[in-house]
Amino acid sequence: MAGRGRGRGRGQMTFNLEDLGIGRGDSLPPTTFKPSPLFPPMPVQPVPLQTGEEVEYMLALKQELRAANKTLPFYIRRAAPKRDVDRYSDKYQSGEPKDSAIEWSPDWSRLPKELCIKVRKPLAKRHPPQVKQPKKPLVGKEEILTKLETLEKKEEAVNSEEEEDGEKKKTNEEEEQAEEEEFEEDFEEDTDYIMSYFDNGEEFGGDSDDNIDEATY
Amino acid sequence: MTAQEVRLCGLLLQEHFGEVVERIGTHLLRGGAQNLRTIANETNTPLDLVKKSLCVLVQHGACEFGSGRRGPGSPVEYRASCERVLRVLRYPRYIYTAKTLYGDTGELIVEEVLQRGHMTMSNTVKTVADRLTHNMEEGRSMEYSEVVSAFSKLVETHFLQRCPPVAEMGTAATSTNPATPGTPAASASTAPPTAESNPDCYKLPHVTLIGRGKRRRSSDDSEEQRGGKKAKMDSESCGDEGIYWQVNFERFHQHFRDQAIISAVASKLDQTSSEIVRTMLRMSEVTTTQTAAYTQPLSANEIFRSLPPNYSISRPILDQYLSLLVDDPMEFVGKSGDSGGGMFGSRSARIFRLLLRKRHLEQKQVEDFAMIPAKEAKDMLYTLLSENLVQLQEIPKTPDHAPSRTFYLYTVNQLPTARLLLQHCYKTVANLIERRLFETKENKRLLEKSQRIEAILASLQASGAEPEQLTEVEEMITAPERQQLEALRHHINKLDSTENQVDETVFLLESYIFSTKTK
């Protein structure tokens, strides 16, 4: 009884197929056996794009905006992941931001206090301290000792600065940054070598005068 | 916030602000209001990056903050706004409109304010003057006063508005703008203040800016480039600290809407009637609020007086036109039928329009009215039905709903169909962006090579090299590579242009849905 009607004609349904518009003898579309293709052939082509001066101009605007966005400080890049070994070129090729400072200064009064981060000062401020470089080798012994003491204190100050929250007041940061910048030439990367030793080419030329008589191997 | 909208917002955030902001933004969009710690934990991002991203989002108006749900003592909660992020797609259109209305100066002002979210007037004027000066010939520079006048014109016509004052959380102190009425503390708990709630929203600050734009010298170039795009912190403050200006999107939308109406009338009737409608709309620009369904009633006399003088329309002809306009069953923004034509053919579009007009039709009537042979009409109706653009309505003749004795009527529900089409549009734009990113990624090596070669060429030309050197450098790109580059550029331009045009449809559908659902 259940098999009656199966295979004969189209099968029985509760409503009249003619009302839906499928008359007797009409064939239904074939059944599908696989998922539809990824790029099916389109029976109707889409409406062609508009062209014209207006459209070209807006296109150019859009591409310019996209390029400009990458240079703005609003484009936030993830901090570079720490590589396994510290490389020499890291010192000279710092493309990505290393610390967590923000590159532009928003109006902090319009933002909740918890979002306050210290603002990174622009790099232009580095130029004045480098002018003092040639004088550094002439410094006397006592001054070297005092410098060592201040460097020690500096180290401790930097360590405590790394532990603090982002809620430090701006004036404090400015003082510390000014101090940091003064000593930065000597103090970079925790090395024992004074940076000026490498940067100043005059000393190198002067030393070699003493060794002319010795044979070079 | 549908899945398609969130996906599109994510892609837009990634293009404009990077991956970190994209992650935070999509998390906020999906999850609703959250506080800082939750965001940091759930997205596995370091706290500093989260803070930076939130600063960026708030700066651009994409995110709002308010005190938490448990009252003023709980941590601050952040809410992202999907709608605002989607506006990013329309930036070129806003800038172009500003250019057509207020020239290059207006265009640059709007572009600067859009790129930075919100800015003070003095900052904007200085940056724009510098940019204009840079593009002018040697020896000429741009006066600040010209820029200021363009800025004030934009403010007068409401295209720029002041940012709403920030409500203090928990304290009774007044916010930065002392002219705020009411209690800020109360408004923080109910709803974030809108720009319109500030009565000084369109008032220019009393600031005298005297000066000229500075031309960038090539020696200053390296420093300028680092500081050029960042907001220049001049040592003197100009007296308008704390008053920030943002672009008034609603006003631009009103303008687009008026343009769409005028062009629809022009294509349906004729040029003269479109001029009449344009006059009517212009007169009611300031008297109508943006969300009103109808403009204020205008008498025929007023219209007659305000018509532009070069259109010599006499009074009786004006009356005739007005009666024509009134009788015409104008569907202002009811353009949900047009995409039916594109995908399913113009005959399906005919069926669709027919159903829109006649509301409910039977199968046989559809064939008769549309003058399409039965078989094809059937096919098209079923395709439309399967795509949910058309619905089937049953009207039983007998109480037992016997199928042989029931009317089956085809009908179109406009509002749900419009929403469906809008989601399709969002999906389309997201797909376009993804395809563009894919194409760029595939050919990344080639693009980098061509960029390097262009840089080399530019530096060689600047230092005055001979033509042989230039040709030698140019030959570093082989001919098939050149072809590939050309094809790539062509594809990317096409994809970009398509995004812009789909956005026009998005605008129409959004306005339609917005105006229909508020009735």
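Residues numbered from 1 in each chain as written. Chains lettered and ligands numbered in written order. Predicted model: local features only at pLDDT ≥ 70, side-chain atom pairs only at ≥ 80, totals over all residues. Heavy atoms only, no water.

As named in an unreviewed UniProt entry, chain B is DNA-directed RNA polymerase III subunit RPC3, taken from Salvelinus namaycush. On record in UniProt, under Subcellular location (unreviewed entry), the comment for chain B is "Nucleus". Its UniProt record gives chain B the following Function (unreviewed entry) comment, quoted word for word: "DNA-dependent RNA polymerase catalyzes the transcription of DNA into RNA using the four ribonucleoside triphosphates as substrates. Specific core component of RNA polymerase III which synthesizes small RNAs, such as 5S rRNA and tRNAs." (UniProt positions renumbered as here; feature names shortened; annotations may be inferred.)

Per an unreviewed UniProt entry, chain A is named DNA-directed RNA polymerase III subunit RPC7-like, and its organism is Salvelinus namaycush. We quote the UniProt Sequence similarities (unreviewed entry) comment for chain A here in full: "Belongs to the eukaryotic RPC7 RNA polymerase subunit family." Regarding chain A, the relevant UniProt record gives this comment under Subcellular location (unreviewed entry): "Nucleus".

(A) Up close: the interface of chain B and chain A. Taken together, the 72 residues of chain B in the interface contact 54 residues of chain A. Carbon and sulfur atoms make up 60% of the surface buried where chain B meets chain A, a total of about 5600 Å² over both sides. On the surface where chain B and chain A come into contact, there are two salt bridges. Among the ionic pairs, glutamate 499 of chain B bridges to lysine 62 of chain A, the shortest N-O distance being 2.9 Å. Class assignment for the residues of the side of chain B that touches chain A results in 31 nonpolar, 20 polar and 21 charged. (Contact = heavy atoms within 4.5 Å. Buried area = accessible area lost by both parts, 1.4 Å probe. Salt bridge = Lys/Arg side-chain N within 4 Å of Asp/Glu carboxyl O. Nonpolar A, V, L, I, M, F, W, Y, C, P; charged D, E, K, R; others polar.)

(B) View of the sheet that holds strand β1 (residues 34-35) of chain B. Read from one edge of the open sheet, three strands run β1-β3-β2 (chain B), paired in antiparallel fashion. Here the strands that pair on one side only, and so sit at the sheet edges, are β1 and β2 (63-66) of chain B. (Pairing = 2+ DSSP bridges. Helix = DSSP H or I, 4+ residues; strand = E, 2+ residues; numbered from the N terminus.)

(C) Quick peek at the environment of asparagine 500 of chain B. Residue and element names in this part refer to chain B. Along the polypeptide, asparagine 500 turns up in helix α22 (residues 479-517). On the basis of relative accessible area, asparagine 500 is assigned to the buried category, the value being 10%. A sequence separation of 71 residues divides asparagine 500 from valine 429, and the C-alpha atoms of the two residues are 9.0 Å apart. (Buried < 20%, exposed > 50% of the residue type's maximum accessible area, 1.4 Å probe, protein only.)

(D) Examining the packing of aromatic side chains more closely. Residue and element names in this part refer to chain B. Within the structure shown, the criterion is met by nine aromatic pairs over all chains. Between the aromatic rings of tyrosine 94 and phenylalanine 249, the centroid separation amounts to 5.2 Å while the plane-to-plane angle is 40°, which identifies the pairing as tilted. Highlighted residues: tyrosine 94 in helix α6 (residues 91-116) and phenylalanine 249 in helix α11 (residues 249-268), separated in sequence by 155 residues. Of the residues examined, tyrosine 94 reaches a relative accessible area of 0% and is grouped as buried. A relative accessible area of 13% means that phenylalanine 249 is categorised as buried. Where tyrosine 102 meets phenylalanine 159, the ring centres are 6.3 Å apart and the plane angle is 75°; that geometry is what we call edge-to-face. Separated by 57 residues along the polypeptide, tyrosine 102 in helix α6 and phenylalanine 159 in the loop between α8 (144-156) and β5 (160-162) bring together distant segments of the chain. Neither residue differs from the other here; tyrosine 102 and phenylalanine 159 are each classed as buried. Among the aromatic side chains, those forming a connected cluster through ring pairs are Tyr94, Tyr102, Phe159, Phe249, Phe252, Phe256 and Phe507. In this arrangement the basic side chain of arginine 93 is found over the ring face of phenylalanine 256, its NZ or CZ atom lying 4.0 Å from the centre. (Phe/Tyr/Trp six-rings, centres within 6.5 Å; stacked < 30°, edge-to-face > 60°. Lys NZ or Arg CZ within 6 Å of the ring centre and 35° of its normal.)

(E) Layout of the pairing of strand β6 (residues 244-247) of chain B. Residue and element names in this part refer to chain B. Note that strand β4 (residues 119-120) and β6 share two bridges and pair antiparallel. Bridge pairing in β6 places threonine 120 opposite tyrosine 244. Judged from the three bridges that link them, β5 and β6 form a sheet pairing that is antiparallel. Within β6, the position partnered with leucine 160 by the bridge is valine 247.

(F) Structural context of the side chain of threonine 411 of chain B. If you trace the backbone, threonine 411 of chain B turns up in strand β9 (residues 406-411). Beyond its immediate chain neighbours, meaning those up to four positions away, threonine 411 of chain B contacts Arg359, His360, Val390, Gln391 and Gln393 of chain B.

(G) Molecular detail of the environment of leucine 437 of chain B. Residue and element names in this part refer to chain B. Within the secondary structure layout, leucine 437 lies in helix α19 (residues 414-442). On the basis of relative accessibility, which here comes to 34%, the residue leucine 437 falls in the partly exposed class. Taking the C-alpha atoms as reference points, leucine 437 and leucine 11, separated by 426 residues in sequence, lie 9.8 Å from one another. For leucine 437, the contacting residues outside a window of four places in its chain are Leu11 and Glu15.

(H) Fine view of the sheet that holds β5 of chain B. In space, the three strands of this open sheet follow the order β4-β6-β5 (chain B), with antiparallel pairing throughout. Each having just a single partner strand, β4 and β5 of chain B make up the two edges of the open sheet.

(I) Spatial organisation of α6 of chain B. Residue and element names in this part refer to chain B. Taking 1.5 Å of rise per residue, the 26 residues of α6 would be expected to cover 38 Å, yet its terminal C-alpha atoms sit only 12 Å apart, more than 12% below that figure. Where α6 bends most, at tyrosine 102, the angle is about 145°. Within α6, 21 of the 26 residues are buried, leaving the element largely enclosed by the surrounding structure. A positive backbone phi angle near 85° is found at glycine 117, which sits one or two residues after α6. (Expected span 1.5 Å × (residues − 1). Bend = angle between axes of the 7 residues up to and from the residue.)

(J) The pattern of salt bridges, seen in detail. Overall, the coordinates contain 18 salt bridges over all chains when judged by the stated rule. Put simply, arginine 66 of chain A and aspartate 496 of chain B hold a salt bridge, and the shortest N to O gap is 3.1 Å. In this pair, arginine 66 of chain A is assigned in helix α2 (residues 53-71) and aspartate 496 of chain B in helix α22, connecting two distinct chains. As far as the burial class goes, arginine 66 of chain A and aspartate 496 of chain B line up, both buried. Across the pair arginine 87 of chain B and glutamate 83 of chain B runs a salt bridge, and its minimum N-O distance is 3.2 Å.

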